[in-house]
Amino acid sequence: MTPLSVLDLSPIAAGSNAAQSLRNSLDLAQNAERLGYNRLWLAEHHNMRGIASAATAVVIAHVAAGTSKIRLGAGGIMLPNHSPLMVAEAFGTLACLHPGRIDLGVGRAPGTDQITAKALRRNLDQDINGFPQDVVELMGYFRDAEPGQRVIAVPGAGLKVPVWILGSSLFGAQLAAALGLPYAFASHFAPAEMERAIEIYRARFEPSEHLDKPYVMLGLNVFAAKTDDEAKLLQSSQQQAFVNLRTGKPGPLPAPAKGYEDTLDLHAKAILRQALSCSVVGSAATVKAGVEDFIQRTGADEIMVTGQIFDHKARIRSYEILAETMIQPVQSEPLSRLA
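Residues numbered from 1 in each chain as written. Predicted model: local features only at pLDDT ≥ 70, side-chain atom pairs only at ≥ 80, totals over all residues. Heavy atoms only, no water.

Regarding its fold elements, the protein presents 11 helices and nine strands. A globule of 339 residues ought to have a C-alpha radius of gyration of about 20 Å, and the protein, at 19 Å, matches this closely. Across its three principal axes, the protein shows a C-alpha extent of roughly 65 × 45 × 40 Å. The proportion of buried residues among the 339 residues of the protein is 53%. Within the protein, contacts between residues separated by at least 24 positions form 74% of all contacts whose residues are at least 6 apart in sequence. For the protein, the computed accessible surface area is about 15200 Å², with 54% contributed by carbon and sulfur atoms. (Helix = DSSP H or I, 4+ residues; strand = E, 2+ residues; numbered from the N terminus. Rg over C-alpha atoms; globule rule 2.2 N^0.38 Å. Buried < 20%, exposed > 50% of the residue type's maximum accessible area, 1.4 Å probe, protein only. Contact = heavy atoms within 4.5 Å. Areas by Shrake-Rupley, 256 points an atom, 1.4 Å probe, with all protein chains shown as cover.)

Written out as structure tokens, the structure reads:
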């Protein structure tokens, strides 16, 4: 069985608030643990009125304190927004508090717009091409401190927190391959270069102390319900949110809207068709067939499922349906292989 995991953006539904979203994130993690999902990651986004996970490490700590077995991590930390030392200290702290359960996925995008990026960093003089060096520096802080080392991550040194490279382009694939790290591709919202990125990563992978062979995790939108029509209605919240974002009108996650796609012009339909093509929507049988086809087509080592569903109970039920059809008790990847 291919392991299934969960990506949670801690969505803020219209009419709700961030506090409720963070409580929902804990409840989702507890249910994911109960259902046998392999890991749950939270993502760093800023200045987004529909996403509550901006302080990603803090939310991970909240979720980790309320669970006991499921692996937790960042999918991801946007490294250009932070110094590698501060990230190492934050995730070193998490690893001390919850040993053997913490992952660290890192990306080079800002996770927001350029104005907000400037507010985060105060200036944008930092060269984005420095991302590989920042990743190497970050990993260095998780190694055992050497005699005479002037800067040490405390906590962090010696904890060997597993680092993943996140990406939606060929750049991340090449970097993950060169460093011998596991690779997570954002096919759930940017699938255009998925197949080529997987091909490059696998072909150029260099075995390392972290990983002996390539390991690919792919994002997949899944909306499961009692019937295909009900699942399509649930999906309409994500479709609305995505069109709103791409047309400069971001906001809270909208309530479902029956027949939403029929109201869109050709440009908006093209946005959804291109960005959300890696989606499986329907009843248990439809979802099972769709997920199995995606795994067979891509050869993914792991699938990270996400679903922006307005009603939290319906979101939990969607993950339950997927688990009931796709998850059997499986042993998680040995930590040594993904460390």
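Read on for the rest.
On to the nonpolar core. The nonpolar side chains of a soluble globular protein tend to be buried, and buried together. Of all hydrophobic cores here, the largest spans 82 residues; its most connected members are Tyr 37, Phe 91 and Leu 104. If near-sequence neighbours (up to four positions away) are discounted, Leu 104 is found in contact with Ala 74, Ile 77, Val 87, Phe 91, Leu 138, Phe 142, Val 161, Pro 162, Val 163 and Trp 164. Judged by nonpolar contacts, the second largest core, of nine residues, contains Val 243, Tyr 260, Ile 271 and Leu 272. (Core = buried A, V, L, I, M, F, W, Y, C linked by side-chain atoms within 4.5 Å.)

This part takes up the packing of aromatic side chains. On inspection of all chains with the given rule, the structure shows seven aromatic pairs. A ring pair is formed by Trp 164 and Tyr 215, whose centres lie 5.8 Å apart and whose planes are at 80 degrees; its orientation type is edge-to-face. With a gap of 51 residues between them, Trp 164 in strand S5 (residues 163-167) and Tyr 215 in the loop between helix H7 (194-204) and strand S7 (216-224) connect regions that are remote in the sequence. Like Tyr 215, Trp 164 is buried. Judged by centre distance (6.2 Å) and plane angle (65 degrees), the ring pair of Tyr 183 and Phe 185 falls under edge-to-face. An aromatic cluster is present here, built from Tyr 183, Phe 185, Tyr 201 and Phe 205 joined pairwise through their rings. (Phe/Tyr/Trp six-rings, centres within 6.5 Å; stacked < 30°, edge-to-face > 60°.)

All of the buried residues along H7 are Met 194, Ala 197, Ile 198, Ile 200 and Tyr 201. Axial view of H7: buried residues confined to an arc of 165 degrees, hence all on one face. Relative to its buried face, H7 has exposed residues pointing more than 90 degrees away, namely Glu 195 and Ala 203. Buried-residue contacts for H7 involve helix H6 (170-179), strand S6 (183-185), S7 and helix H10 (284-298). (Arc of directions from axis to C-beta.)

Another point: the pairing of S5. Among the five residues that make up S5, five are buried, leaving the element largely enclosed by the rest of the structure. Residues Val 163, Ile 165 and Gly 167 of S5 are buried on one face, and the alternating residues Trp 164 and Leu 166, pointing to the opposite face, are buried as well. Where strand S4 (residues 102-107) and S5 come together, three bridges link them in parallel fashion. Looking at the pairing, Leu 104 lines up with Val 163 of S5. (Pairing = 2+ DSSP bridges.)

Glancing now at the pattern of salt bridges. Counted by the stated rule, this structure contains 12 salt bridges. We note a salt bridge from Arg 297 to Glu 195, for which the minimum N-O separation is 3.7 Å. Highlighted residues: Arg 297 in helix H10 and Glu 195 in helix H7, separated in sequence by 102 residues. A relative accessible area of 48% means that Arg 297 is categorised as partly exposed. Taking the relative accessible area as the measure of exposure, Glu 195 reaches 54% and is therefore exposed. Each of Arg 34, Arg 317, Glu 320 and Glu 324 takes part in a single network of salt bridges with overlapping partners. (Salt bridge = Lys/Arg side-chain N within 4 Å of Asp/Glu carboxyl O.)

Further remarks concern the packing of helix H2 (residues 56-65) against helix H3 (residues 84-97). Packed helix pairs are characterised by how far apart their axes lie and by the angle those axes make with each other. Two elements in contact, H2 and H3, have axes whose closest approach is 10 Å; the angle formed by their N-to-C orientations is 5 degrees. Taken together, H2 and H3 sit at an angle that is classed as roughly parallel. Mapping the contact onto sequence places Ala 57, Ile 60 and Ala 61 in H2 and Ala 90, Phe 91 and Leu 94 in H3. (Axes fitted to C-alpha atoms, helices over the stretch in contact; angles between N-to-C directions. Parallel < 35°, antiparallel > 145°, perpendicular 65-115°, else oblique.)

Three or more residues of H6 are buried, namely Gly 172, Ala 173, Leu 175, Ala 176 and Ala 177. Taken together, the buried residues of H6 touch helix H5 (131-141), S5, S6 and H7. Where H6 starts, the residue carrying a side-chain oxygen 3.4 Å from the main-chain nitrogen of Phe 171 turns out to be Ser 169. Once H6 finishes, Gly 180 follows within two positions and takes phi at roughly 65 degrees, a positive value. (Polar contact = N/O pair within 3.5 Å; in protein donor to acceptor, adjacent residues only side chain to side chain.)

What follows concerns the pairing of strand S9 (residues 302-306). The element S9 is largely enclosed, with a buried count of five among its five residues. Of the two faces of S9, the one holding Glu 302, Met 304 and Thr 306 and the one holding Ile 303 and Val 305 are both buried throughout. Direction of pairing for strand S1 (residues 4-8) relative to S9: parallel, over a ladder of three bridges. Directly across from Leu 4, in S9, lies its bridge partner Ile 303.

With that out of the way, let us pick up the side chain of Gln 308. Relative to the helices and strands, Gln 308 is located in the loop between S9 and helix H11 (312-326). Taking relative accessible area as the criterion, Gln 308 reaches 11% and is therefore assigned buried. Discounting residues that sit within four places of it in the chain, Gln 308 has contacts with Leu 9, Pro 11, Phe 223, Leu 234, Ser 237, Gln 238 and Leu 253.

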